[in-house]
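Structural features, examined
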Amino acid sequence: MPEPIAGSWELGHNFAPKSHPDNPTGEGWAGYSFVMKKVAFYTLGCKLNFSETSTIARSFEQRGYQKVEFNQSPDIFIINTCSVTDNADKKCRKIVREAQKINPDGYVAVVGCYAQLKPQEIAEIEGVDAVLGAAEKFRLVDLLDGFEKQPTGAARVYNANIEEVLDYHASYSLNDRTRTFLRVQDGCDYPCSYCTIPLARGASRSDTVANVVRAGTEIAERGVKEIVLTGVNIGDFGLREGQR
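Residues numbered from 1 in each chain as written. Predicted model: local features only at pLDDT ≥ 70, side-chain atom pairs only at ≥ 80, totals over all residues. Heavy atoms only, no water.

1. Details of the overall build of the protein
Note the cut-off: The way it works is that DSSP assigns letters per residue, a run of H or I at least four long becomes a helix, a run of E at least two long becomes a strand, and they are numbered from the N terminus. Exposure was quantified through the Shrake-Rupley algorithm and a 1.4 Å probe, taking into account, for residues, occlusion by the shown protein chains and nothing else.
A tally of regular secondary structure across the protein gives 7 helices and 13 strands. Put simply, the protein shows about 13,200 Å² of open surface, and 50% of that area lies on carbon and sulfur atoms.

This is the structure in structure tokens:
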């Protein structure tokens, strides 16, 4: 059975998906038709963030959401943040304000490194509806299913301790740029005094060679000519407890 499509029945629209449990006949209900929920993404920061945003976007599309541009009045805004620069908070606030101007009723969820490091700070930004840390960002469709605002107006916060972030989630960008960023490693085991990456992304972990080859093949089959392997520290690719 296909996944239920995310959306609602509204009067005066002409979109009605066919051959789907939510609309088996392909017809609207007495003048009503099915309108898919629209979602847009904004990425701040590094190549890793671009690969992750693209992967999260595909998970939305697989669940029946329609991906649109940020300025096309989406129902849901997903902002993937960075923590490397001192301006991370300013940039995040700026994008949240832009989202509110585009659609004052839109649902705003903030994910990424800044969301892991300072979730409560982000939750207090006016217009933010949800904050998800490193362990939760790839599950946001499930955690926020429906994307309904809290009656109190307070933001929902999902933020596990960084020591609990142990899983590796394969990700790669697609159709965003001429090249594809394939992430093969995440996290870092080197606690440099000037760097927040270990606190934002957790311990070093990487994909398997078989999974990387499989992903590379899938990407190449889509006609992509250039694949860039990326990670926090790809020199640690394949290390398990100090052994490769």
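2. Regarding the nonpolar core
Stated precisely, the cut-off is as follows: Take the buried residues of types Ala, Val, Leu, Ile, Met, Phe, Trp, Tyr and Cys, join any two whose side-chain atoms come within 4.5 Å, and each joined set is a nonpolar core. Exposure categories follow from relative accessible area, calculated using a 1.4 Å probe and restricted to protein chains: below 20% of the type maximum is buried, above 50% is exposed, and the middle band is partly exposed. Every residue pair with non-hydrogen atoms within 4.5 Å of one another is taken to be in contact.
Within the largest apolar cluster, 20 residues are counted, with the highest numbers of intra-cluster contacts made by Val-96, Val-108, Val-110, Ile-122 and Val-128. Taken together, the elements giving at least two residues each to this core come down to strand 5 (76-81), helix 2 (88-102), strand 6 (107-112), helix 3 (113-117) and helix 4 (119-123). Sorting elements by how many residues they give to this core places helix 2 first, with 5 residues. Each residue touching Val-96, except ones within four places of it in the same chain, is listed here: Ile-79, Val-108, Ile-125, Glu-126, Gly-127 and Val-128.

3. Observations regarding the environment of Ile-234
Note on placement: Ile-234 falls in the segment after strand 13 (227-230). Along the sequence, Ile-234 and Ser-206 sit 28 residues apart, while their C-alpha atoms lie 8.5 Å from each other. Each residue touching Ile-234, except ones within four places of it in the same chain, is listed here: Val-184, Gln-185 and Leu-229.

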